Amino acid sequence: MKVLKFGGTSVQDHQNIQRVLQIVKENSQEDKVAVVVSAFGKTTDQLIKSAQLAKKKDESYLQILESVEKHHFDTIEQLINKNSDSVKEKTTTLFKQLKTLYKGCYLLEELTPKAKAIISSFGERLSSYIISEAAKEHFDATFKDSQELIITDNNYLKAQVDFVNTYTNCINYFNDNEHQVVVLPGFIAKCYNGQTTTLGRGGSDYSASIYAAAVDADELQIWTDVSGMYTANPSVVKQAKPIYQISYQEAMEMSHFGAKVIYPPTIQPVREKKIPIVIKNTFNPNDEGTFITSQTDIATPVKGISYVEHISLLTIEGSGMVGISGVSKRLFKALADDDINIILITQASSEHTICVGVLEEDAEKAVACISKKFADEIQQKKIDPITVENELSIIALVGDNMKNHQGLSGKMFSTLGSNNVNIRAIAQGASEKNISAVIKNSDAKKALNTLHEQFFGDNNKQLNLFVTGVGNVGNRFLAQLLQQQEYLQNHLKLNIRVVGLSNSTKMYFDESGIDLTNWKELLLNQGTETSLDKFLNKTKELNLRNSVFVDNTANEAVSEMYAHYLENNIAVVTCNKIACASKLENYRLLKSISKKYNAPFLFETNVGAGLPIIDTLKNLITSGDRVQKIQAVLSGSLNFVFNNFNESTSFHDVVLQAQKEGYTEPDPKIDLSGVDVARKILILARESGYELELSDIENNSFLPEESLKTTNNDDFYASLTKFESHFQKIYSEANSSNCKLKYVAEFSDGKAKVGLQHIPQDHPFYNLEGSDNIVLFFTDRYPVQPLQIKGAGAGADVTASGIFADVIRVGNN
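Since we're looking at a predicted model, the values are computed, not measured. (Residues numbered from 1 in each chain as written. Predicted model: local features only at pLDDT ≥ 70, side-chain atom pairs only at ≥ 80, totals over all residues. Heavy atoms only, no water.)

Engineer: Got a sec to walk through the pattern of salt bridges? Specific residues and values, please.
Structural biologist: Enumeration over the complete set of coordinates arrives at 28 salt bridges. Close ionic contact of Glu377 with Arg330 constitutes a salt bridge, the shortest N to O distance being 2.7 Å. Residue Glu377 is found in helix H12 (residues 375-379), and its partner Arg330 is found in helix H10 (residues 327-337); the two are separated by 47 residues along the sequence. Put simply, Asp797 and Arg476 hold a salt bridge, and the shortest N to O gap is 2.7 Å. Note that Asp797 is positioned in helix H29 (residues 796-812) and Arg476 in helix H15 (residues 472-492), a separation of 321 residues in sequence. When its relative accessible area of 42% is taken as the criterion, Asp797 is described as partly exposed. Here the salt bridges do not stand alone but share partners, grouping Lys577, Glu665, Asp676 and Lys680 into one network. (Salt bridge = Lys/Arg side-chain N within 4 Å of Asp/Glu carboxyl O. Helix = DSSP H or I, 4+ residues; strand = E, 2+ residues; numbered from the N terminus. Buried < 20%, exposed > 50% of the residue type's maximum accessible area, 1.4 Å probe, protein only.)

Engineer: Which residues make up the packing of helix H3 (residues 61-79) against helix H5 (residues 113-136), and what values go with them?
Structural biologist: Where H3 meets H5, the axes come as close as 10 Å, and the angle between the chain directions of the two elements is 10 degrees. With respect to their mutual orientation, H3 and H5 come out roughly parallel. Where H3 approaches H5, its residues His72, Ile76 and Leu79 are matched on the opposing element by Leu126, Ile130 and Ala134. Residue classes in the contact of H3 with H5 are distributed as 5 nonpolar, 1 polar and no charged. (Axes fitted to C-alpha atoms, helices over the stretch in contact; angles between N-to-C directions. Parallel < 35°, antiparallel > 145°, perpendicular 65-115°, else oblique. Contact = heavy atoms within 4.5 Å. Nonpolar A, V, L, I, M, F, W, Y, C, P; charged D, E, K, R; others polar.)

Engineer: Outline the sheet that holds strand S24 (residues 601-602), listing residues and values.
Structural biologist: In sheet architecture, strand pairing relies on hydrogen bonds along the backbone and comes in two forms, parallel and antiparallel. Read across the sheet, 7 strands follow the order S21-S20-S19-S18-S22-S23-S24 without closing on themselves; strand pairing throughout is mixed. Of all strands in the sheet, those bounded by a partner on one side alone are strand S21 (528-529) and S24. Pairing between strand S22 (residues 547-551) and strand S23 (residues 571-574): 4 bridges, direction parallel. Along S23, the bridge assignment pairs Asp551 with Thr574. Against the sheet, H15 contacts strand S18 (461-468), strand S19 (494-502) and S22, and its axis sits at roughly 155 degrees relative to S19. Together, S19, strand S20 (506-509) and S21 form the strand contacts of helix H16 (residues 519-526), whose direction differs from that of S20 by roughly 115 degrees. (Pairing = 2+ DSSP bridges.)

Dropping the structure here:
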């Protein structure tokens, strides 16, 4: 014999019930079947809600009741053909009884547990009767009232089952039953005096388990709206995977911590008889589902990650608890006497502190009852006043084999820590089948996804990018990312998604990842008004794991936001030099925040675009080398200008060409004034361990004073035309000496300078072509022949590739 249980979603309407009947028909071909059904979807909630309204003399309860009644009669109309009149008559009688109960609540202005149990029982009484009558039209079926079989105590809303009498009733009934299918209401029972009781949360599952155990069924099938249990809640963790096999113990741990596919009490009766449970999907009946037995063949240490939201953490502490026996007993008894369920317990070995986790809805009552119980100790200051923290969640790793694998706790906590998820309390049983941590509700989604990626992600890592600046560099960066997404996934196990985009006027977010083939249209047509604060706040609100803020601008205001991102554990990748060349105090602060919150702060493209200059320098310093001197051509734009400027060209035209080809900043004066180069040598000096300010850099500008004082690009270019003879003279002096003009940055003896120099033919800088950069590092290990880095140092493509490389560094961190 098999027992099949169908939940509220499975029997929500006539279409779903037709699916249920087909599943029952297929299962009853060879075996007798007991079918346990819940109320039609949400019916019980509606019945209780309307009862609460009736108690308050709110006549809107009638509207809810009418809606429930209409739904049941519509279902009968669509489902039953042969005997619909008698079914409608019986259903009308049941609703008349229900309305009488509501009238009593309304007049007496009370809803006793006894009345609440009777009212809430009507959902299952109605659904099981209607479904049994529909079943009779398709196969040999009958109806049996569970109240005639399951006997309980008189705790009306959470009744305890009398298994001896219940099993006797079930065995006698099913032994005498000649029908192939028996339809029974779940959730409901009766106590010894014949009054209606209910089995509490998940009661229909529990009913089915009781029947399965009573008759030693071959199998208990739980039919729901998902294809079994998953490694995590699939509505929160999109990458969650089905669990095909799981033990009774693992299933109970998972269900206790929020896996709502099955409820913990369901498992106990069938576990004792070693009857397997199968979780199946009513809407995809061919899916494999989850098989729950005493042992499984799958030896993975962690089977799943589960969580419970809306937890409050109560802390009882004080010197008066140390060495005093019975404190825990008094605490737990006080909570039990007030019917408060403890979800988590943790106690310091010093005996100075006990923490208990309870549902938020019970927190106020729990504080009151504990305070009352320990009133004398609190008054004598032996115990501190009870503290409570709200808006918390419990997240748990579950697995029978965790005890055989070292380091799982460390792996769990370090993974959470690396994403700035603060742990408020920890609990782990000696059996090591569950490791639980209390965290903020707001961190629960990030924590679940982070842990799932760590334990079930096939070594894949997801990065979530928030990109500001989609001009030349930003556009190329997004194009490169689109081109390489599949490669990164397959070869580096990196799933890099762009979640947020912003230009100067609009921002657009998509938590599931922006379509990079269509980002321009999405930003233009669906983007909303942006500001630096709005973009930051939305990024923080999403609170995604491995978040990275990417700055493709040269905007000072954007650079001033870095600290806010870093202190929220959001990595920063930037080509914007302003932050790292700002006041030394700010540079140190950003480095400090990055370290404190374990949020990478990477700026490789600040010097040399895509060239690995800063990374190489960091490796030198980390390995113990010391920088003695730096010589460099660090402006790709200036190198392009002076490689193309001669007696037959105008300086104005060459600079304009450099800007059009993307070699200069939007304001070319930044490049030509030497400020950009000064910032770069400052960054290299700081990364070498020297403390300099931008004002310490000697800048020997070749621009006339009038050009330097211009305030817009039009005036600047006009000044270049005006002083053409000045620039021709500079060129002529170098050319007459068989030298080339290079704008050189130098650092030596703790001092730095930048300026235009005549470079002779035997110098490494002489043959530097196009927009290339070159850096010579003279160090303790490279005192004579310097370490040399050379290559393209300007342009949108190479700058974008440098940003891309930093993003990958974050992913590999």
